[in-house]
Protein chains: 2
Amino acid sequence: MQRPGGRTARVRNAVHEAVIALLAEQSWEELSLPAVAERSGVHQATLYRRWRTVPALLDDVVAEHLTRAAPLPDTGTLRGDLDAYAAGVARGLTGPFRVLILRAAMVDTGGAGTPALSGVLAQRSRQLQEMLDRARDRGEAAPTLDELVELVLAPLYFYALFGRPAGAADPRRLVDRLLELAAAA
Amino acid sequence: MQRPGGRTARVRNAVHEAVIALLAEQSWEELSLPAVAERSGVHQATLYRRWRTVPALLDDVVAEHLTRAAPLPDTGTLRGDLDAYAAGVARGLTGPFRVLILRAAMVDTGGAGTPALSGVLAQRSRQLQEMLDRARDRGEAAPTLDELVELVLAPLYFYALFGRPAGAADPRRLVDRLLELAAAA
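Thresholds, definitions, all that
- Residues numbered from 1 in each chain as written.
- Chains lettered and ligands numbered in written order.
- Predicted model: local features only at pLDDT ≥ 70, side-chain atom pairs only at ≥ 80, totals over all residues.
- Heavy atoms only, no water.
- Axes fitted to C-alpha atoms, helices over the stretch in contact; angles between N-to-C directions.
- Helix = DSSP H or I, 4+ residues; strand = E, 2+ residues; numbered from the N terminus.
- Parallel < 35°, antiparallel > 145°, perpendicular 65-115°, else oblique.
- Contact = heavy atoms within 4.5 Å.
- Nonpolar A, V, L, I, M, F, W, Y, C, P; charged D, E, K, R; others polar.
- Least-squares fit on C-alpha atoms with pLDDT ≥ 70 in both.
- Buried area = accessible area lost by both parts, 1.4 Å probe.
- Salt bridge = Lys/Arg side-chain N within 4 Å of Asp/Glu carboxyl O.
- Polar contact = N/O pair within 3.5 Å; in protein donor to acceptor, adjacent residues only side chain to side chain.
- Patch = residues over 30% accessible without salt bridge, like charges linked within 9 Å, V, L, I, M, F, W, Y side chains within 5 Å.
- Areas by Shrake-Rupley, 256 points an atom, 1.4 Å probe, with all protein chains shown as cover.
- Lys, Arg positive; Asp, Glu negative; His and termini not counted.
- Charge placed at Lys NZ, Arg CZ, Asp CG, Glu CD.
- Buried < 20%, exposed > 50% of the residue type's maximum accessible area, 1.4 Å probe, protein only.
- UniProt positions renumbered as here; feature names shortened; annotations may be inferred.
- Core = buried A, V, L, I, M, F, W, Y, C linked by side-chain atoms within 4.5 Å.
- Phe/Tyr/Trp six-rings, centres within 6.5 Å; stacked < 30°, edge-to-face > 60°.
- Arc of directions from axis to C-beta.

An unreviewed UniProt entry annotates chain A as Transcriptional regulator, TetR family originating from Pseudonocardia ammonioxydans.

Below, the structure written as structure tokens:
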């Protein structure tokens, strides 16, 4: 007998993979739960019961992606942690996820969004704060969470949004500036 | 007899106003050129000839908005110019335009976008560079255009995207940081 948790995780994985495969062929606006059911081999009834709507499913895919694409590192130095984190964010903003993240941000505006994304962002904020606290505990000059968001995350998202010659948004350069600011404070 | 330029501008204005009014009632995905024709009193044939598609019309509305919402000031000091510009950007990222700007960024990804937005952004970059050049000519310590984009524009967009308690993205605080960086360089 399979553990329910294991089966649930496998279903979620198969459904997410089907969504990502379909998004390579069509826009998210054309996506439907029946199409996801057919591609994933998961029953439509399961999809409707678990996610209810395409937007909720897309939010779940984005939430999972944000969590996986930029795992929070613990390298022993703030420099190492920030470089690894920023590079992960930059990677995570490429491909089909770039549009999905924008869509999630748009949907949330209309008040019709699911809490999936905001939940992930809140969790991520706590994790980043812990990363900065660890650095401060080691005696390193650490920036605030707002400074990390404004000087590193925001430019990476801005360049992903509006396009930019490759390499212009070098994550390491943004981390350099953040650490200089923290050292000067 | 009316000058063609005057009539063209009036038609564009009426159509843009109709789009903005309709966006208060429905999402841009539900927008149609016939609905815009009915609301604006402009013939459908004119809309199809001039804009061809809803996305092209939306890009035109965004381009006009970006140009108008943040006119580039010339106050005589870099501090004055940057404060006025940043406050204008922050204001421009509220209301229906927030979603329209995100949509424009998403559409451009798919390769199906019109050049309206990228044209405006290129023009805006040139104007910002002139603003910084004027400051340098006056002997002020001026940041680079990339620094202005990364330290002021990017955080304002990031907060508009992902929401934030009111006041958190105080434009003046971002300008302070940019000017401190320029003074230290």
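**Side note on the packing of helix α8 (residues 145-162) of chain A against helix α8 (residues 145-162) of chain B**
It is at 7 Å that the axes of α8(A) and α8(B) come closest, and there the two elements cross at 90°. By the criterion of interaxial angle, the relationship of α8(A) to α8(B) is roughly perpendicular. Contact residues: A:Asp146, A:Val149, A:Glu150, A:Leu153, A:Ala154, A:Pro155, A:Tyr157, A:Phe158, A:Tyr159, A:Leu161 and A:Phe162 in α8(A); B:Asp146, B:Val149, B:Glu150, B:Leu153, B:Ala154, B:Pro155, B:Tyr157, B:Phe158, B:Tyr159, B:Leu161 and B:Phe162 in α8(B). Across the contact of α8(A) with α8(B), the residue classes tally to 18 nonpolar, no polar and 4 charged.

**What to know about the relation of the copies chain A and chain B**
Rotating chain A by 180° and translating it 0.0 Å along the rotation axis places it on chain B, where the RMSD comes to 0.0 Å. On this basis, the relationship between the two copies can be described by a two-fold rotation axis. In terms of proximity to the rotation axis, the leading residue of chain A is A:Ala154, whose C-alpha is 2.6 Å off the axis. Both copies present the same face, since 100% of the interface residues in chain A are matched by interface residues at the equivalent positions in chain B.

**A word on the interface of chain A and chain B**
Contact residues are listed per partner, giving 30 residues for chain A and 30 residues for chain B. When the two sides are added together, the surface that chain A and chain B hide from each other amounts to roughly 2,600 Å², 69% of it contributed by carbon and sulfur. Our enumeration of links across chain A and chain B arrives at 4 salt bridges. For A:Glu150, the salt bridge goes to B:Arg177, with nearest N and O atoms at 2.9 Å. Counting across the interface, chain A meets chain B through 6 residue pairs in polar contact (both at pLDDT 80 or more). Ranked by the residues each element gives to the side of chain A that touches chain B, the list is headed by α8(A), at 13 residues. For the side of chain A that touches chain B, the per-class residue count stands at 20 nonpolar, 1 polar and 9 charged.

**Some remarks on a negative patch on the surface**
Residues A:Glu29, A:Glu30, B:Glu29 and B:Glu30 make up a contiguous surface patch of negative charge. Within the element layout of this structure, B:Glu30 appears in the loop between α1 (4-23) and α2 (33-40). On the basis of relative accessibility, which here comes to 53%, the residue B:Glu30 falls in the exposed class.

**Here we look at the UniProt feature "DNA-binding region" (unreviewed entry) in chain A**
Per the UniProt entry, the sites bearing "DNA-binding region" (unreviewed entry) are residues 32-51 of chain A in this numbering. The distance separating the terminal C-alpha atoms of residues 32-51 of chain A is 12 Å; by composition the span is 75% helix and 0% strand.

**Considering the nonpolar core**
Among the nonpolar cores identified, the biggest contains 106 residues, and A:Val36 and B:Val36 are the most heavily contacted of them. Beyond its immediate sequence surroundings of up to four residues, B:Val36 is in contact with B:Val15, B:Ala18, B:Val19, B:Leu22, B:Leu31, B:Leu47 and B:Leu57.

**Section: the pattern of salt bridges**
Should their charged atoms come close, side chains of opposite charge can pair. Counted under the stated rule, the structure contains 24 salt bridges over all chains. For the salt bridge of A:Arg138 with A:Glu140, the shortest nitrogen-to-oxygen distance reads 2.8 Å. Taking the relative accessible area as the measure of exposure, A:Arg138 reaches 35% and is therefore partly exposed. A salt bridge links A:Arg173 to B:Glu150, with the nearest nitrogen and oxygen atoms 2.8 Å apart. Taken as a pair, A:Arg173 in helix α9 (residues 171-184) and B:Glu150 in helix α8 lie in two separate chains rather than in one. Connected through salt bridges with shared partners, the residues A:Arg79, A:Asp83, A:Arg172 and A:Asp176 form a single ionic network.

**Looking at the packing of aromatic side chains**
Counting across every chain of the model gives 4 aromatic pairs over all chains. Seen in terms of ring centroids, B:Phe158 and B:Tyr159 are 6.3 Å apart; in terms of plane orientation they differ by 75°. Their pairing is edge-to-face. Both residues of the pair, B:Phe158 and B:Tyr159, count as buried. What links up through ring pairs into an aromatic cluster is the set A:Tyr157, B:Phe158 and B:Tyr159.

**With respect to helix α2 (residues 33-40) of chain A**
All names here are of chain A. Along α2, the residues that are buried comprise Leu33, Val36, Ala37 and Ser40. One side of α2 carries all its buried residues, which in axial view fall inside an arc of 105°. One or two steps after α2, the chain reaches Gly41, where phi turns positive at roughly 75°.

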